[in-house]
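Secondary and tertiary structure notes
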Amino acid sequence: MEHCDIRTTLENAGLSKTVQREAVLSTLIRADLPLCARDILVRIGRECRINKVTVYRVLDSFRTAGIVREIPTEHGETFYEMACRHNPTHPHFYCRICRSLACLPSAGIEQKWLQGIRPGDAAIESVVINFTGLCKSCQKRNRTVSV
Ligand SMILES: [Zn+2]
Ligand SMILES: [Zn+2]
Ligand SMILES: [Zn+2]
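A brief structural summary. Think of each chain on its own: its residues are numbered from 1, step by step along the sequence as written. Ligands are numbered from 1 and chains lettered from A, in the order in which they are written. Given that this is a predicted model, residues contribute local features only at a pLDDT of at least 70 and side-chain atom pairs are listed and counted only at 80 or more, while totals for whole chains, interfaces and linings are drawn from all residues. Water and hydrogen atoms were dropped before computing side-chain values, which therefore reflect all heavy atoms in the structure.

**Things to note about the coordination of the zinc ion (ligand 2)**
A 2.8 Å cut-off from the metal defines N, O and S donors, relaxed to 3.2 Å for Na, K and Ca; water is not in the atom list, so some sites may appear incomplete. Protein-derived coordination of the zinc ion (ligand 2) comes from Cys95 (SG), Cys98 (SG), Cys135 (SG) and Cys138 (SG), at a distance range of 2.3 Å. The site at the zinc ion (ligand 2) holds 4 donor atoms, and with the angles between them running 105 to 116°, its shape is tetrahedral. Each donor residue of the zinc ion (ligand 2) lies on one chain, and together they are spaced C-x2-C-x36-C-x2-C. Here cysteine 98, found in the loop between strand E4 (92–95) and strand E5 (101–103), pairs with cysteine 138, found in helix H6 (residues 136–146); they are 40 residues apart in sequence, far enough to count as distant. Residue burial is assigned from relative accessible area. The probe radius is 1.4 Å, only protein chains are included, and a residue is buried under 20% of its type maximum, exposed over 50%, and partly exposed in between. Its relative accessible area of 1% is what places cysteine 138 among the buried residues. Irregular is the default label, applied whenever a site is not tetrahedral (four donors, all angles between 85 and 135 degrees) and neither square planar nor octahedral (four or six donors, opposite donors over 155 degrees apart, all other angles between 65 and 115). Put simply, DSSP marks the helices as runs of H or I at least four residues long and the strands as runs of E at least two long, and each gets a number from the N terminus on.

Put into structure tokens, the structure is as follows:
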């Protein structure tokens, strides 16, 4: 699968290259699902010396630059994924028990909604569509408990 280039992405966003930014960005590019700050920290592991505060600071600079998409969840945990041309806006499924977040395919419906907005009326910066419920393994576990 085609992926964004770390150096080009940072350059286009006007962000200087730091070891920490490169580590967080490469983790998000390689990820096959949205990650929260804790996930990113675990995945970077010993590759690079980074703490949670730095991860948040890097993510904040990425969000401001439009590199990543922020997906808030009902438990207050925020997930991040690439906001590039390889990953167009799509809805997500959030499991309220194991607190996992999965990407759902884009139905192109977001673009249809935006057609109702006349140019100049609003500058949309993000769309968040979350479906919440129980994932497959949590449904199974729940059934076992209630029997
Ligand atoms: Zn990309
Ligand atoms: Zn679950
Ligand atoms: Zn996603």
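Having seen the structure, we can now continue with the description.
**Points about the coordination of the zinc ion (ligand 3)**
All of the protein donors around the zinc ion (ligand 3) are Glu81 (OE), His90 (NE2), His92 (NE2) and Cys103 (SG); their distances to the metal are 2.0 to 2.2 Å. Around the zinc ion (ligand 3) sit 4 donor atoms; with metal-centred angles ranging over 100 to 116°, the donor geometry is tetrahedral. Positions of the donor residues of the zinc ion (ligand 3) along the chain correspond to the pattern E-x8-H-x1-H-x10-C. Across the pair, histidine 92 and histidine 90 agree in class, each one buried.

**Comments concerning empty space enclosed by the protein**
The method works on a 1 Å grid over the protein atoms by themselves. A cavity is a set of points holding a 1.4 Å probe that cannot get out, a pocket is an open set with protein on both sides within 12 Å along at least five of seven lines, and residues with an atom within 4 Å of a point line them. Grid points are joined across faces, edges and corners, and a volume is the space filled by probe spheres set on the points. Overall, the coordinates contain 1 cavity of 30 Å³ or more when judged by the stated rule. What the largest cavity holds in volume is close to 30 Å³. Lining the largest cavity, in full, are Arg69, Glu70, Ile71, Thr89, His90, His92, Val127, Val128 and Ile129. Top element by residues in the lining of the largest cavity is strand E2 (residues 68–72). It accounts for 3 residues. When residues are sorted by character, Ala, Val, Leu, Ile, Met, Phe, Trp, Tyr, Cys and Pro go into the nonpolar class, Asp, Glu, Lys and Arg into the charged class, and all the rest, Gly among them, into the polar class. Here the residues of the lining of the largest cavity sort into 4 nonpolar, 3 polar and 2 charged.

**Some thoughts on the sheet that holds strand E3 (residues 78–82)**
Strands are labelled as partners when DSSP assigns at least two bridges between them. The strand order across the open sheet built from 3 strands is E1-E3-E2, with neighbouring strands paired in antiparallel fashion. Edge positions in the sheet fall to strand E1 (35–36) and E2, since each has one partner strand and no second. Relative to E3, E1 runs antiparallel, the two being bridged by 2 bridges. Looking at E3, one finds that leucine 35 is bridged to tyrosine 80. The sheet strands contacting helix H2 (residues 19–30) are E1, E2 and E3, and the helix crosses E3 at an angle near 80°. In what follows, residue pairs with any heavy atoms lying within 4.5 Å of each other are defined as contacts. Axis definition: a line fitted to C-alpha atoms, over the contacting stretch in the case of helices. Angles run 0 to 180 degrees between N-to-C directions.

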